[in-house]
Amino acid sequence: QRFIVRLLSCPGTVAEDLRRDEQPSGSVETGFEDKIPRKRFSEMQNERREQAQRTVLIHCPDKISENKFLKYLSQHGPINNHFFYESFGLYAVVEFCRKESVGSLQNGTQTPNMAMETAIPFRSRFLSLKLKNQTSKQSCIQSSNQLPPSNRKLFELLCYAESVDDQLNTLLKEFQLTEENTKLRYLTCSLIEDIAAAYFPDCVVRPFGSSVNTFGKLGCDLDMFLDLDETRNLSSHKTSGNFLMEFQVKNVPSERIATQKILSVIGECLDHFGPGCVGVQKILNARCPLVRFSHQASGFQCDLTTNNKIALTSSELLYIYGALDSRVRALVFGIRCWARAHSLTSSIPGAWITNFSLTMMVIFFLQRRSPPILPTLDSLKTLADAEDKCIIEGNNCTFVHDLNRIKPSGNTETLELLLKEFFEYFGNFAFNKNSINIRQGREQNKPDSSPLYIQNPFETSLNISKNVSQSQLQKFVDLAQESAWILQQEDTHRPSISSNQPWGLAAVLLPSVPNRASLTKKKRKRSANERVKNLLESLKSNRTANFTETNEK
Ligand code: GTP
Ligand code: MG
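Overview of the structure. (Residues numbered from 1 in each chain as written. Chains lettered and ligands numbered in written order. Predicted model: local features only at pLDDT ≥ 70, side-chain atom pairs only at ≥ 80, totals over all residues. Heavy atoms only, no water.)

## Examining the side chain of Arg336
Under the convention used in this document: Numbering of helices and strands starts at the N terminus; helices are DSSP runs of H or I of at least 4 residues and strands are runs of E of at least 2. Residue burial is assigned from relative accessible area. The probe radius is 1.4 Å, only protein chains are included, and a residue is buried under 20% of its type maximum, exposed over 50%, and partly exposed in between. The positive count covers Lys and Arg only, the negative count covers Asp and Glu only, and His and the chain ends enter neither. Here, a salt bridge means any Lys or Arg side-chain nitrogen found within 4 Å of an Asp or Glu carboxyl oxygen.
Along the chain, Arg336 turns up in helix H10 (residues 326–341). No salt bridge is formed by the buried Arg336. Its closest oppositely charged neighbour is Asp221, at 8.2 Å.

## Quick look at the coordination of the magnesium ion (ligand 2)
Here is the rule we go by: As a rule, N, O and S atoms within 2.8 Å of a metal are its donors, except that Na, K and Ca use 3.2 Å; water is not among the atoms, so sites may look incomplete.
Donor atoms from the polypeptide that coordinate the magnesium ion (ligand 2) comprise Asp221 (OD) and Asp223 (OD), at 2.1 Å from the metal. Overall, Asp221 belongs to the partly exposed group, its relative accessible area being 27%.

## What to know about the environment of Gln367
For clarity, the threshold we go by: Throughout, a contact is declared for two residues whenever any of their heavy atoms are within 4.5 Å. Counting of polar contacts relies on pairs of N or O atoms within 3.5 Å, with two restrictions inside protein: one atom must be capable of donating a hydrogen and the other of accepting it, and residues adjacent in sequence are counted only when both atoms are side-chain atoms.
Following the sequence through the fold, Gln367 ends up in helix H11 (residues 355–367). Since its relative accessible area comes to 6%, Gln367 is described here as buried. A sequence separation of 75 residues divides Gln367 from Arg442, and the C-alpha atoms of the two residues are 8.1 Å apart. Beyond its immediate sequence surroundings of up to four residues, Gln367 is in contact with Tyr321, Pro372, Leu374, Pro375, Thr376, Leu377, Asn437, Ile438 and Gly441. A polar atom in the side chain of Gln367 sits 3.3 Å from the side chain of Tyr321.

## Here we look at the nonpolar core
Put simply, the rule reads: Put simply, a nonpolar core is a bunch of buried Ala, Val, Leu, Ile, Met, Phe, Trp, Tyr and Cys residues held in one set by side-chain atoms that sit within 4.5 Å of each other.
Counting 85 residues, the largest nonpolar core has Trp338, Met361, Phe423, Phe426, Phe431 and Phe476 as its most contacted members. Sorting elements by how many residues they give to this core places helix H9 (residues 309–324) first, with 10 residues. Those residues in contact with Phe476, other than ones at most four positions away along the chain, are Trp338, Leu344, Ile353, Leu358, Met361, Phe426 and Phe431.

## A word on the pattern of salt bridges
With the rule as written, the count across this model stands at 21 salt bridges. A salt bridge links Arg54 to Glu50; the shortest N-O distance between them is 2.9 Å. In this structure Arg54 comes out as buried when scored by relative accessible area, which is 9%. Here Glu50 falls in the partly exposed class, since its relative accessible area comes to 39%.

## Some words on the packing of aromatic side chains
How we decide: Planes of paired rings set the category: under 30 degrees apart is stacked, over 60 is edge-to-face and the rest tilted, where pairs are Phe, Tyr or Trp rings (Trp by its six-membered ring) whose centres lie within 6.5 Å.
A full pass over the atoms with the stated rule returns 21 aromatic pairs. Judged by centre distance (6.4 Å) and plane angle (40°), the ring pair of Tyr199 and Phe200 falls under tilted. The exposure class assigned to Tyr199 is partly exposed, which follows from its relative accessible area of 45%. Residue Phe200 is classed as buried on the basis of its relative accessible area, which comes to 19%. Taken together, Trp338, Phe365, Phe422, Phe423, Tyr425, Phe426, Phe429, Phe431 and Phe476 form an aromatic cluster joined through their ring pairs.

## Overview of the side chain of Asp388
Here Asp388 lies in the loop between helix H12 (377–382) and strand S11 (391–392). A polar side-chain atom of Asp388 sits 3.5 Å from the main-chain amide nitrogen of His401. Not counting the four nearest positions on each side in its chain, Asp388 is found in contact with Arg40, Thr398, Phe399, Val400, His401 and Arg405.

## Structural notes on the pairing of strand S6 (residues 204–208)
Here is the rule we go by: When DSSP finds at least two bridges between two strands, those strands are taken to pair.
With five of its five residues buried, S6 lies for the most part within the structure. Residues Val204, Arg206 and Phe208 line one face of S6 and the alternating positions Val205 and Pro207 line the opposite face, and both faces are buried. Across five bridges, the pairing between S6 and strand S7 (residues 222–227) is antiparallel. Paired with Arg206 across the two strands is Phe225, which belongs to S7.

Here it is as structure tokens:
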């Protein structure tokens, strides 16, 4: 045997960012590109979790022979699926057909013996492959791309597209999570689960947010939560006769304190023993306490929380909305990219609009079309059966889970029209008095004076965009008006593709150059003036015509 597989024990800190070089795109298959997922969310989550448990992550030497590598690993059992990717070195994700193969591989794996440092032994599924001698024939390994396209490439693609609809679909195709990236996200959660299992053997680490709701773009963070329901509930089945047995446990004054204590030890554990987990920060005093860290090998920025059942339910709701109509994801990706390009959103928390809020705004807008493109949350609740009933912390989170029970929309509007109308709609929305509410699909009076009020769909007394300041909202409104104006102008003067001018989506994605907003305002004013002039003229000529008509009679 020419290879030795080594268990990776806590490596030193290396810069966290992935290399942004152009990489050959090895991934052909994408998760959502051609087919709308019709699987239930829970089914999809369970399948992916089970796949991840049969999977290992291997740091490989730069030059290896793929065939020999696979042959070497196959001695532990048949391989179902594998791919390579680059992130400060070459990594392989190898999914075995059977879970036992992972154990067999781990049994043939040793802890490294280091001259200068001491390894903390930890049997994880994150391994390192070493060559015993360097004579291996070099072979070119196709590596799968885990990064979004560069701005330059994106603009080229958009400029050469055939229509705005084509542009939005191209953007979606380029930015959406690939099948490989999705696999890597579930694998990362599964590796973290192994570490957390040191404290809570029955825990489950579940991904939520944009990694699973079908709205994630390559490079987005990985939100995960530690689900301890199994640990809590197992005992409930074990009662018999007149006796009830309970575990002796430590008690703390509140749920929040329990969460903080649990996350605190998990944070320590990731920091001290988690291979590849670097930059661990325990943010325990936040409204929703979390542990933030970088998973170096996958390149993901991870946020780990506990007790986030409602957020998982929100993810499922978005998954359903994303699956109902192919225009939904294309429009959401377009709007999210637009907001990012104009710095309306940021990876740093603050007074800006979040991607989650933007997605709610798009869903609301699509509920308001005539006929509606998306059903309201209340109508999804009406379609629910007894099995769908779900109450979380006293909140009614019931909605239909079977996608096939929801009737498709009869609306046939183009993405081009929807994009323009989205900007028009929110450029003129009465944010000062109305709130956005996807449960009822209609505007309602704002219950408080927050500049932007988007009702939390499940905890209905909360506003998901409470953080947004008046000036950030104004910036959103100004940019929406400007973009609506740009797209309207193009209706009459679309630049020819050969002119190399950004047009359609590319034109509205261009970051505002200084003074462009005021320039646009002037232009808008001029065009408004022109419109008034034209109107007056047409009124005058009508009156003249009427006058002539009357006179002639
Ligand atoms: P990205 O920007 O791509 O990461 O989108 P995201 O949807 O993953 O957003 P984020 O990472 O900020 O949050 C993860 C998930 O937490 C979201 O998908 C929501 O389910 C939930 N979430 C985020 N912000 C809020 C909020 O203000 N209120 C509520 N109720 N849930 C939120
Ligand atoms: Mg996220």
